[in-house]
Amino acid sequence: MKNVIITIDGPSGTGKSTIARILADKLGYTFLDSGALYRACALAVDQLGADIDNDAICKEIISNIKIDLDHDRVFLNGTDVSESIRTPHVSALSSRIAVLPSVRRLLLKLQRDFAQKTSLVAEGRDTGSVIFPQADVKIYLDATSQARAQRRFLELAAKGAAPSYTQVLNDIEERDHRDRARTCAPLVVPDHAVVVDTTHLNLEEVVETVFKIVRERLTD
Ligand code: DC
């Protein structure tokens, strides 16, 4: 039987990971958090003190690391880095490394290899447009930058590590700009994607909406 691919793209803070994980669990599919791959790459480069904006250097480093995803855990060369890749520092670095064409090429192959083995729910910025343009269902989650900053601010505050709301909003808008403006695989609404605006929806409502779309598309 053919493996099914569902993609969920959109800017940061729209709840993509949470929704994709819930969907994958319900369907019994593998969850592919592509942002975690970029984050792990950024951490690897940062740990070596290397230049995060240099394509050749990053390519060399990333060609020699091993990233494993196991449910919601992320391993870099065998070490669990699930928490250390989520800091604001690594968030900023990951959106910088994500503009580098060589890095994107390496991660494109890694992501497509996942789909050889299993049905999956992939989430990120280009999973429906570049990585899996043939996906069975494509969702694009959106929300205003203010709503996304508010959610991220509350998440960080709950972890006791909150910068100010204004700082969070600035970081989000800066990352949005880099993700949308880059020439290689920018954040776009993929062809045939269904756009869901989550600004005024809670988590349950988004899950319900996305589920309905997936059910309809898969039974078509
Ligand atoms: O989804 P996230 O916040 O964990 O992603 C971290 C960064 O990685 C984000 O700023 C942009 C980049 N990214 C990307 O360019 N393409 C993807 N498919 C996923 C993430």
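Just above sits the structure.
These numbers come from a predicted model, not from an experiment. Residue numbers run consecutively from 1 along every chain, following the written order of its sequence. Per-residue local features are limited, in this predicted model, to residues with pLDDT of at least 70; the limit for side-chain atom pairs, both in listing and counting, is 80 or more; totals at the level of whole chains, interfaces and linings are taken over all residues. In computing side-chain values, all of the structure's heavy atoms are included and hydrogens and water are not.

1. Let's talk about the environment of N3
Here's step 1: Turning to its location among the elements, N3 is positioned in the segment before β1 (5–9).
Here's step 2: In sequence terms N3 and K138 are 135 residues apart; their C-alpha atoms lie 15 Å from each other.
Here's step 3: Setting aside residues up to four positions removed in sequence, N3 forms contacts with A115, Q116, K117, T118, S119 and D136.
Here's step 4: Counted as a polar contact is a pair of N or O atoms within 3.5 Å, where, for protein atoms, one must be capable of donating a hydrogen and the other of accepting one, and residues adjacent in sequence contribute only when both atoms are in side chains. Polar side-chain contacts of N3 include one of 3.2 Å to the backbone oxygen of A115.
Here's step 5: Among the polar contacts listed, one links the side chain of N3 to the backbone oxygen of Q116, at a separation of 3.4 Å. Helix and strand labels come from DSSP, where a helix needs a run of H or I of at least four residues and a strand needs a run of E of at least two; each type is numbered from the N terminus. The contact criterion used throughout is that any non-hydrogen atoms of two residues lie within 4.5 Å.

2. Regarding the site of the ligand
Here's step 1: Surrounding the ligand, one finds 15 residues, the nearest of these being R39, R104, R125, D126 and R175.
Here's step 2: At 2.8 Å, a side-chain N or O of R125 approaches an oxygen atom of the ligand.
Here's step 3: Note on areas: Shrake-Rupley, 1.4 Å probe, and residue coverage restricted to the protein chains presented here. Alone, the ligand offers 450 Å² of accessible surface; in the complex the protein occludes 97% of this.
Here's step 4: For the shell around the ligand, the leading source of residues is helix α2 (residues 34–47), giving 4 residues.
Here's step 5: Considering only residue class, the shell around the ligand consists of 2 nonpolar, 5 polar and 8 charged. Any residue with a heavy atom positioned within 4 Å of a molecule or strand is treated as near that molecule or strand. Gly falls in the polar group here, along with every residue not listed as nonpolar (Ala, Val, Leu, Ile, Met, Phe, Trp, Tyr, Cys, Pro) or charged (Asp, Glu, Lys, Arg).

3. A few points about unusual backbone geometry
Here's step 1: For N77, which is not glycine, the phi torsion reads 50° and is therefore positive.
Here's step 2: Structurally, N77 can be placed in the loop between β4 (73–76) and β5 (79–80).
Here's step 3: Positive phi outside glycine occurs at A185, with the angle close to 50°.
Here's step 4: One can find A185 in the loop between α8 (165–181) and β8 (194–197).
Here's step 5: Whether a residue is buried, partly exposed or exposed follows from its accessible area with a 1.4 Å probe, protein chains only, as a fraction of its type maximum: under 20%, in between, or over 50%, in that order. Classification of A185 as buried rests on a relative accessible area of 13%.

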